[in-house]
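Analysis of the macromolecular model
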Amino acid sequence: MLSERRLEVLRAIVQDYVGTEEPVGSKALTERHSLGVSPATVRNDMAVLEDEGFIAQPHTSAGRIPTDKGYRLFVDKLAGVKPLSSPERRAIQNFLDGAVDLDDVVGRTVRLLAQLTRQVAVVQYPSLTRSTVRHVELLSLAPARLMLVLITDTGRVEQRMIDCPAPFGDTSLADLRARLNSRVVGRRFADVPRLVQDLPESFETEDRGTVSTVLSVLLETLVEETEERLIIGGTSNLTRFGHDFPVMIRPVLEALEEQVVLLKLLGEATDSGMTVRIGHENAHEGLNATSVVAVGYGSGDEAVAKLGVVGPTRMDYPGTMGAVRAVARYVGQILAES
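Residues numbered from 1 in each chain as written. Predicted model: local features only at pLDDT ≥ 70, side-chain atom pairs only at ≥ 80, totals over all residues. Heavy atoms only, no water.

Going by what an unreviewed UniProt entry lists, the chain is known as Heat-inducible transcription repressor HrcA and is assigned to Streptomyces pratensis. Here is the UniProt Sequence similarities (unreviewed entry) comment for the chain, exactly as written: "Belongs to the HrcA family." (UniProt positions renumbered as here; feature names shortened; annotations may be inferred.)

Comments concerning the sheet that holds strand 6 (residues 157-163)
Taken in spatial order, the 3 strands line up as 4-5-6 in an open sheet, and their pairing is antiparallel. In the strand order of this sheet, the two ends are held by strand 4 (133-142) and strand 6, each with one partner. Within this sheet the neighbouring strands show an average axis-to-axis angle of 20 degrees, counted without direction. Against the sheet, helix 7 (residues 170-184) touches strand 4 and strand 5 (145-152), its axis set at about 165 degrees to strand 4. (Pairing = 2+ DSSP bridges. Helix = DSSP H or I, 4+ residues; strand = E, 2+ residues; numbered from the N terminus. Axes fitted to C-alpha atoms, helices over the stretch in contact; angles between N-to-C directions. Contact = heavy atoms within 4.5 Å.)

Quick notes on the packing of helix 5 (residues 86-97) against helix 6 (residues 102-117)
In contact at an axis separation of 9 Å, helix 5 and helix 6 are set at 155 degrees when each is read in the N-to-C sense. Relative to helix 6, the element helix 5 is oriented roughly antiparallel. Like other packed secondary-structure pairs, helix 5 and helix 6 cross with a definite hand, here right-handed. On helix 6, the residues touching Ile92, Phe95 and Leu96 of helix 5 are Val105, Arg108, Thr109, Arg111, Leu112 and Leu116. Of the residues contributing to the contact of helix 5 with helix 6, the split by class is 6 nonpolar, 1 polar and 2 charged. (Parallel < 35°, antiparallel > 145°, perpendicular 65-115°, else oblique. Left-handed = near helix turned anticlockwise from the far one by under 90°. Nonpolar A, V, L, I, M, F, W, Y, C, P; charged D, E, K, R; others polar.)

As structure tokens, then:
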């Protein structure tokens, strides 16, 4: 266990290195921070921190820089989440309130996160596997042709054309729409097949074929749309941090192009808590010099997807965590109101 003073020294080293991009020496620490001890004592504390793997010396003439282990201790024990200012919160709200549909919400969120944090932003679309049905609309296009419109609680809208085996009257259509909604509205997608399986039997014999066709299209839509989708923005921000990547930036960019890698980075969407992965905690080799800050968002208490940022390990963790959390809350509010 490190003493309180050594934790303070580590906090000061992380803050200075993130702020200045320069390795930190004991003299500079005592000048910039009220540590209450001499440079010699700070040098001794830094030697202990280095022995225990929290800081390292990048080259012989330099001061010290935090290691992945040092950043981890900083995030877990020393760094709070920095709240956004009132103007920043208003700017987020005004920008996101202008969104017209779910695609626009996701697109604006990516741009906003990239601008706020000056990192790479990643936003996962709300997953239909965790969504519930808000409404199912059935529209008659011709005597034997219908349109099915599925609307989810997250504002996602899916449309499908249906060719019926026989003409289907307006009365039967209204009846099917009402019965279908009474069974599935507010229910999870995974529960829908069980809830509608006996629905055809409650209709007249001549209508059962069309009812079965409508249900099969509805269930196919639920299955098709469970594929995870995400959007990425702000990759050009990485070019500002060229010196933060020990070899070159290409492995990072290549990793960010792989959707599977990004989904693993964000972690399970059902986990709504904040996730911070630092350096070698990221399994993908191309991302060993990066940190990931991600959090779940949703229209209620449960997360339906995740959003986050990827940047160098030399990251303003309190500020980044604050921005990611605030944006996730606003997106959740928009989904709840949409």
